[in-house]
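# Breakdown of the fold
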Amino acid sequence: MTNSIGEIDNADVMFVIGANPTAAHPVIGYRLKMAAKNGATLIVADPRQIELVDYADVFLRLRPGTNEALLNGMIHVILAEGLADEKFIRERTEGFPEMAAVVKKYTPAYAAEITGVPAADIRRAARLFAGAENASIFYTLGITNHTTGTDGVLSVANLALVTGHVGKPSSGVNPLRGQNNVQGACDMGALPNVFTGYQGVGERGARFKFGRAWGTRLNPQPGLTITEVFDAIYTKEIKFLYIMGENPALTEANLHHVRGALEKVDFLVVQDIFFTETAAYADVVLPAAAFAEKEGTFTNTERRVQMVRKAINPPGEAKPDWVILSALARELRLKWNYATPAEIFQEIARLNPAYAGISYQRLEKEGGLQWPCPDAKHPGTPYLHQDKFVRGKGLFTPVEYQPPAEEPDSDYPLLLTTGRILFHYNTMTRYSGAIEPFKPEEVAQVNPADAGHLGVVEGETVKLSSRRGHIAVRITITDAVPPGVIYVTFHYRESAVNLLTGSALDPVTKTPEFKICAVKMEKLATAGA
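Quick notes on the rules
- For every chain, the first residue of the written sequence is number 1, and numbering continues from 1 onward in sequence order.
- Local features in this predicted model are restricted to residues of pLDDT 70 or higher, and side-chain atom pairs are both shown and tallied only at a pLDDT of 80 or more, whereas totals for entire chains, interfaces and linings draw on every residue.
- With hydrogens and water set aside, each side-chain value is computed from the structure's full complement of heavy atoms.
- What counts as a disulfide here is a pair of cysteine sulfur atoms lying within 2.5 Å.
- Between buried and exposed lies partly exposed: a residue is buried under 20% and exposed over 50% of the maximum accessible area for its type, with that area taken using a 1.4 Å probe on protein chains only.
- Here a helix means four or more residues in a row that DSSP labels H or I, a strand means two or more in a row labelled E, and each is numbered from the N terminus.
- DSSP bridges decide pairing: two strands pair if at least two such bridges lie between them.
- Stacked, tilted and edge-to-face are the three classes applied to pairs of Phe, Tyr and Trp rings, where Trp contributes its six-membered ring and a pair requires centres within 6.5 Å; stacked means planes under 30 degrees apart, edge-to-face means over 60, and tilted covers the rest.
- Throughout this description, the term charge over a ring refers to an Arg CZ or Lys NZ atom that lies within 6 Å of the ring centre and within 35 degrees of the ring normal.
- Only the stretch in contact is used when a helix axis is fitted, and all axes are lines through C-alpha atoms; the angle between N-to-C directions ranges over 0 to 180 degrees.
- By definition, the arc is the one covered by directions from the helix axis to the C-beta atoms.
- The contact rule is simple, with two residues in contact once any of their heavy atoms fall within 4.5 Å.
- Salt bridge, as used here, is a side-chain nitrogen of Lys or Arg placed within 4 Å of a carboxyl oxygen of Asp or Glu.
- In this description, a nonpolar core means a group of buried Ala, Val, Leu, Ile, Met, Phe, Trp, Tyr and Cys residues linked to one another through side-chain atoms lying within 4.5 Å.

### What to know about the state of the cysteines
What is meant by a disulfide is a covalent connection between two cysteines, made through their sulfur atoms. What the rule picks out here adds up to zero disulfides. Sulfur of Cys186: no disulfide; nearest cysteine sulfur belongs to Cys373 and is 20 Å away. Looking at Cys373, the relative accessible area reads 0%, which means it is buried.

### Regarding the pairing of strand S16 (residues 414–419)
Most of S16 is tucked away: six of the six residues are buried. Taking every second residue as pointing to the same face, both faces of S16 are buried, with Leu414, Leu416 and Thr418 on one and Leu415, Thr417 and Gly419 on the other. Where S16 lies against strand S20 (residues 485–489), five bridges are found, and the strand directions are parallel. Looking across to S20, one finds that Leu415 is bridged to Val485.

### What about the packing of aromatic side chains?
Here the distance between the centres and the angle between the planes together describe a pair of aromatic rings. Taken as a whole and assessed by the stated rule, the structure comprises 14 aromatic pairs. A centroid spacing of 5.0 Å and a plane angle of 50° characterise the contact between Phe210 and Trp214, whose relative ring orientation is tilted. Of this pair, Phe210 and Trp214 are both found in helix H11 (residues 204–214), four residues apart, which corresponds to roughly one turn of the helix. Look at Trp214 and you get partly exposed, because its relative accessible area is 35%. Among the aromatic residues, those joined into a ring-pair cluster are Phe195, Phe210 and Trp214. Looking at Arg493, its charged tip hangs above the ring of Tyr431, at a distance of 5.6 Å from the centre.

### Considering the sheet that holds strand S18 (residues 461–465)
Spatially, S16-S20-S17-S19-S18-S21 is the arrangement adopted by the six strands of the closed barrel, whose pairing is mixed. Looking at each pair of strands side by side, their axes are set apart by 45° on average, direction ignored. Alignment of S18 against strand S19 (residues 470–477), held across five bridges, turns out to be antiparallel. Looking at the pairing, Val462 lines up with Val473 of S19.

### Some words on helix H5 (residues 96–103)
Buried within H5 we find Met99, Ala100, Val102 and Val103. When H5 is viewed along its axis, its buried side chains cluster within an angular range of 160° and face the same direction. The outward face of H5, more than 90 degrees from its buried face, is lined by the exposed residues Pro97 and Ala101. Buried-residue contacts for H5 involve helix H3 (67–80) and helix H9 (149–163).

### What about the pattern of salt bridges?
Think of it this way: side chains of opposite charge can pair up when their charged atoms draw near. The tally for this structure, following the rule as stated, stands at 18 salt bridges. Here Lys294 ties to Asp321 by a salt bridge, and the two come within 3.0 Å at their closest N and O atoms. A residue pair is termed long-range when its members are at least 10 positions apart, and Lys294 in the loop between strand S11 (284–287) and strand S12 (296–299) and Asp321 in helix H15 (residues 321–331) qualify at 27 residues. Since its relative accessible area comes to 18%, Lys294 is described here as buried. Between Arg493 and Glu494 there is a salt bridge, with its nearest N and O atoms 3.6 Å apart. Residue classification places Glu494 among the exposed positions, given a relative accessible area of 51%. A single network of salt bridges, built from pairs that share partners, joins Glu406, Asp409, Arg467 and Arg468.

### Some words on unusual backbone geometry
Of the consecutive residues Trp371 and Pro372, the connecting peptide bond is found in the cis state with omega at 0°. If you trace the backbone, Pro372 turns up in the loop between strand S14 (369–370) and strand S15 (394–395). Of note in this structure, Ser170 is not a glycine but carries a positive phi near 60°. Structurally, Ser170 is set in the loop between H9 and strand S6 (172–175).

### A closer look at the environment of Leu415
If you trace the backbone, Leu415 turns up in strand S16. Through-space distance from the C-alpha of Leu415 to that of Ser466 is 9.9 Å; in sequence the pair is 51 residues apart. Setting aside its immediate chain neighbours within four residues, Leu415 contacts Pro64, Pro408, Gly484, Val485, Ile486, Lys515, Ile516 and Cys517.

### Regarding the environment of Arg204
Relative to the elements of secondary structure, Arg204 occurs in helix H11. Here the alpha-carbon distance between Arg204 and Ile17, two residues 187 residues apart in the chain, equals 39 Å.

### Concerning the nonpolar core
Counting residues in each nonpolar core, the largest one holds 42 residues, and the members touching the most others are Phe15, Ile17, Leu60, Phe129 and Leu159. What Phe15 contacts, discounting residues up to four positions off in sequence, is Ile43, Ala45, Leu60, Leu71, Met74, Phe129, Ser136, Ile137, Phe138 and Leu159. If you look at the next biggest cluster of nonpolar residues, it comprises 23 residues, including Val446, Val462, Leu464 and Leu500.

Right, dumping it as structure tokens:
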């Protein structure tokens, strides 16, 4: 996030696209609702009628997979009507003419044809966003979980740059992280192409810096993404797999492919707090401590580093992750002699310039600090890009709309999209006896027109099939989804939706197209299931 969660309270306009905060990010969702109640303008772009639509001034109900066309249409209006921040564009950006040339053809009428959003609504949303004193964009997997996910993010950046809504309070681009420490994991280098602090493995200076600190020579070649890892198992490029705190046997796309890889890999270690679906494939399971059973820090979605304090002892043989990894390193004759998480954090601060001014002592005293925090006297950074961008000038990128990799046809006439519900946190809370009774099974959302065409009724169990597999799932009939669209969450092993999703990837991030695949729905009595 370029901005802080608290800045939502002072936003004039909030644009939520490809995100369902009240279900997936409820703290932020609550702030968005309260800001809207207090007079802020809320624009929501989503294929489904999510809860935030009840608070929205404009609802842009776009066809799944058409984010870039919608954003280009809004930018077209802003340029055509003279609503762009010309001073900001001139002084703080580059690449504007190339981007402007591409969006020229995305008239509201043309964008409406692609997205299904009325041209008048595209114009209204563009005018509201551009005309605000400050405006923030909030997005998440509905933007990124497509084969054009990178283009979607670049389109969001284009909209912020063309209006000058970045680099000041309550104005910016805010990707909402899906778990409590995703931001921290990325900051620590849990990505295939960077060391800690986003310092590239291909940069000689970075390799020398980290190699000297760690007493080893480092590989200049980027590693594999998670989707590439499973492909590499089939080709025998990878024979050993160590999975920590991840459950790909349920959460990855095209599960038949993923589960086949888990069966095929020569040796699999799983380190987790539960015996997950993935752990069932493991040769060795290492029991890890949960958040309340260890000390450390989390870095949340607004870049805030916060302390985690041990409240109870881990059960049985469970240990904190750092203890397990350190013990393994010592067995491999590595000199990992950390005594406490505080020592590990000292190394983080020494090697990551954005964390350089953060320490356990400051976190204890101040309660949390937002990076970048370059020195011990720095107060932390509530919002980014105040005077300049890290790269110097903000870069516009021309983006053309490209359709999804798989669209409905005569064999698979419906479009499946996936997401979350408020009651479950990814795949973990199914293990909670207190939470499970609230939502013990999947209930897929089906439009009344599609239900009527097939002759299915509320609460009936149907068979959903794609080119990759099938599941049985109970349905609810609702206008929350448009005709031709079915919505299923990924929380439930009994109806694992990723048995249906495909392997088409964003070419840059290698992220699967979780949000779109073609399916057919059949009554179980006639489906032969």
